[in-house]
Amino acid sequence: MKALQLYMLLHIILTASVVVNTFSPFQDFKNLLRKIFNPEESCDSTWISFNASGLEADLESKLFGQHIASGIILKAVSGFMSDENPKKPLVLSLHGRTGTGKNFVSKLIAKNIYKNGEDSSFVHVLTSELHYSHQSKFDIYKAELQQRIKGNVTSCARSMFIFDEMDQMHPGLIDTIKPFLGYHSKLDGVSYRKAIFIFLSNAGGESITQTALDFWRNGQDREEIRLKDLETLLSVSAFNNKNSGLWHSSLIDKNLVDFFVPFLPLEYRHVVQCAMVEMRARGLQPDLNVADQVAKDLIYFPKSEEVFSAQGCKTICRRLHNYT
Ligand SMILES: *[C@@H]1O[C@H](CO)[C@@H](O)[C@H](O)[C@H]1NC(C)=O
Ligand SMILES: *[C@@H]1O[C@H](CO)[C@@H](O)[C@H](O)[C@H]1NC(C)=O
């Protein structure tokens, strides 16, 4: 118990000290302390408990320019987490250009479910290792992936899997995970119904951008864009990339994906908001002039009108270093 109290004290001191988050050595130190003093994270309500109002507040105050995504995510996750007996795992497919907040939203979801947030041992991020690989290695990857999902869900039903760059994933691996996403009550004695799968991809990003641009050119408010304006874009036909079309169609056909979530391209004003939040997160006094400066130095497209940020909010974090 002593160790726990000491840990708590150090944790509070470190967390309270705003400087901490600015320098990664401190962050590493904090992680080290967590490892040494923290009791083992367990698969129960001490470590896993959904905070609906927390997620709502986070989406409201930290995610910018995504009124559609924000609404769907809150509804989907809240509904799923309050269901004691879900019929299938929650499967979300997030689509949009880079830097629009897909990764960020996954972290917000994790933060409001797991006490340790994205660092939780029940949150698994799967990425480039799943890309096209040598055929010879494919069978190994496939077996590993299956084992990884099965093993982790066996030890904790409330596990979360985030698949980054889903559109570049080997189509064969998609077939591998498909059985986990369905309505089976059990597979090999394991139930996957309480797990959460989140797929991130740029697929469909171009069409979403085109719709947003059309609205802008018509002088319509961005907030007037409705899910139905984008829904057909996210259907199979819109996917020109051969691979992304493949995974997409095979998941759609079987109704395995519960929600397709579009992320709109970000405008100048959103980038400014991102910069302000980032400064606050670092314990700096948010300075609109600095935020403006950071936003001004980004590239916007299309060239003639310069409406949307090419990088979204992605490089803000790194760029702020040059201004503050
Ligand atoms: C839920 O989140 C809100 C907002 O972040 C926070 O104030 C509150 O303490 C959280 N509740 C729990 C039970 O963690
Ligand atoms: C669970 O996932 C982690 C990676 O996120 C992996 O290292 C580990 O082997 C998995 N556990 C099981 C039992 O498969």
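One structure accompanies this document, and this report is about it. The numbering scheme is per chain: residues are counted from 1 as the chain's sequence reads. Written order decides the labels, with chains lettered from A and ligands numbered from 1. Only residues with pLDDT of at least 70 get local features here, since the model is predicted, and only at 80 or more are side-chain atom pairs given and counted; chain-wide, interface and lining totals rely on the full set of residues. For side-chain calculations, the full set of non-hydrogen atoms in the structure is used, while hydrogens and water are omitted.

## Section: the overall build of the chain
Step number 1: Per the convention used, a helix needs a DSSP run of H or I reaching at least four residues, while a strand needs a run of E reaching at least two, with both numbered from the N terminus. Secondary structure summary: the chain contains 13 helices and seven strands in total.
Step number 2: When each of the 324 residues of the chain is scored for burial, the buried share is 47%.
Step number 3: Long-range pairs, those at least 24 residues apart, make up 74% of the contacts in the chain with a sequence separation of at least 6.
Step number 4: To be clear on the numbers: accessible area is Shrake-Rupley with a 1.4 Å probe, and residue cover counts the displayed protein chains and nothing else. Here the chain displays about 16500 Å² of accessible surface, and carbon together with sulfur accounts for 53% of that area. Only protein chains enter the accessibility calculation, which uses a 1.4 Å probe. A residue is then buried if its area is under 20% of the maximum for its type, exposed if over 50%, and partly exposed in between. Residue contacts follow a heavy-atom distance rule, with two residues in contact if any of their heavy atoms lie within 4.5 Å.

## Focus: the site of ligand 2
Step number 1: Working definition: residue near molecule or strand if any one of its non-hydrogen atoms lies within 4 Å of it. The local shell around ligand 2 consists of H124, Q147, R148, G151 and N152.
Step number 2: Measuring from an oxygen atom of ligand 2, one finds a side-chain N or O atom of H124 at 2.6 Å.
Step number 3: Under this definition, polar contacts are N or O atom pairs within 3.5 Å; protein pairs additionally need one hydrogen-donor-capable and one acceptor-capable atom, and for neighbouring residues in sequence, both atoms have to be side-chain atoms. In this structure, an oxygen atom belonging to ligand 2 sits 3.5 Å away from a main-chain N or O atom of Q147.
Step number 4: At four residues, the largest contribution of residues to the shell around ligand 2 is made by helix 6 (residues 135–155).
Step number 5: Residue classes in the shell around ligand 2 are distributed as no nonpolar, four polar and one charged. Under the convention adopted here, Pro, Cys and the residues Ala, Val, Leu, Ile, Met, Phe, Trp and Tyr are nonpolar, Asp, Glu, Lys and Arg are charged, and Gly plus all remaining residues are polar.

## Description of the environment of K115
Step number 1: For K115, the position within the fold is in the loop between helix 5 (102–111) and strand 2 (123–126).
Step number 2: Along the backbone, K115 and W47 are 68 residues apart, and their C-alpha atoms lie at a distance of 5.1 Å.
Step number 3: With residues up to four places along the chain from it excluded, the contact list for K115 reads T46 and W47.

## Points about the environment of F308
Step number 1: Note on placement: F308 falls in strand 7 (residues 308–309).
Step number 2: C-alpha separation for the pair F308 and T209, spaced 99 residues apart in sequence, amounts to 8.7 Å.
Step number 3: For F308, the contacting residues outside a window of four places in its chain are T209, A212, L213, R222, P265, L266, E267, I299, Y300 and F301.

## Brief notes about the state of the cysteines
Step number 1: Here, two cysteine sulfur atoms that lie within 2.5 Å of each other are counted as a disulfide. Tallied over the entire structure, the rule returns two disulfides.
Step number 2: What pairs with C43 in a disulfide is C156, and their sulfur atoms sit 2.2 Å apart. Here C43 and C156 share a disulfide; its torsion about the S-S bond, 70°, makes the bridge right-handed. Here C43, found in the loop between helix 2 (24–37) and helix 3 (52–62), pairs with C156, found in the loop between helix 6 and strand 3 (160–163); they are 113 residues apart in sequence, far enough to count as distant.
Step number 3: Among the residues examined, C156 registers a relative accessible area of 0% and is labelled buried.
Step number 4: Between the sulfur atoms of C274 and its disulfide partner C313 the distance amounts to 1.9 Å. Because the sign of the S-S torsion sets the handedness, a value of about 85° for the bond joining C274 and C313 places this disulfide among the right-handed ones. Within this pair, whereas C274 is found in helix 11 (residues 268–281), its partner C313 is found in the loop between strand 7 and helix 13 (316–320), the two being separated by 39 residues in sequence.

## Quick word on the pairing of strand 1 (residues 90–96)
Step number 1: Here strand 1 lies mainly inside the structure; seven of its seven residues are buried.
Step number 2: Residue alternation in strand 1 divides its side chains into two sets, L90, L92, L94 and G96 and V91, S93 and H95, and both sets are buried.
Step number 3: When DSSP finds at least two bridges between two strands, those strands are taken to pair. Taken together, the six bridges between strand 1 and strand 4 (residues 196–201) define a ladder with parallel strand orientation. The partner of H95 across the bridge, within strand 4, is S201.
Step number 4: Bridge count for strand 1 against strand 5 (residues 259–263) is five bridges, and the pairing is parallel. Across the sheet, the residue bridging to S93 is F260, located in strand 5.

## Some words on the packing of aromatic side chains
Step number 1: Any two rings among Phe, Tyr and Trp, with Trp reduced to its six-membered ring, count as a pair given centres within 6.5 Å; such a pair is stacked if its planes are under 30 degrees apart, edge-to-face if over 60, and tilted if neither. In total, this model carries seven aromatic pairs according to the counting rule given.
Step number 2: Judged by centre distance (6.4 Å) and plane angle (40°), the ring pair of Y114 and F122 falls under tilted.
Step number 3: Clustering of aromatic rings is evident, with ring pairs tying together F161, F163, F197 and F199.
Step number 4: A cation over a ring is seen here: K88 above Y183, with NZ or CZ 5.9 Å from the ring centre.
Step number 5: In this structure, K115 packs its charged tip against the face of W47, placed 5.1 Å from the ring centre. Only when the NZ atom of a Lys or the CZ atom of an Arg is both within 6 Å of the ring centre and within 35 degrees of the ring normal do we say a charge sits over the ring.

## A word on the pattern of salt bridges
As a working rule, side chains carrying opposite charge can pair if their charged atoms are close by.
Step number 1: A pairing counts as a salt bridge when a side-chain nitrogen of Lys or Arg comes within 4 Å of a carboxyl oxygen of Asp or Glu. Counted under the stated rule, the structure contains 11 salt bridges.
Step number 2: Residues E206 and R97 are paired through a salt bridge, measuring 3.6 Å at the closest nitrogen-oxygen approach. Here E206 is found in helix 8 (residues 205–217), whereas its partner R97 is found in the loop between strand 1 and helix 5, with 109 residues between them in sequence.
Step number 3: Accessibility expressed as a relative area gives 56% for E206, which makes it exposed.
Step number 4: We classify R97 as buried; its relative accessible area is 17%.
Step number 5: Of the charged contacts in the structure, one is a salt bridge between R269 and E267, with a shortest N-O distance of 3.0 Å.
Step number 6: Exposure remark for R269: the relative accessible area of 41% places this residue in the partly exposed category.
Step number 7: Because the salt bridges share partners, they merge into one network encompassing D58, K62 and K111.

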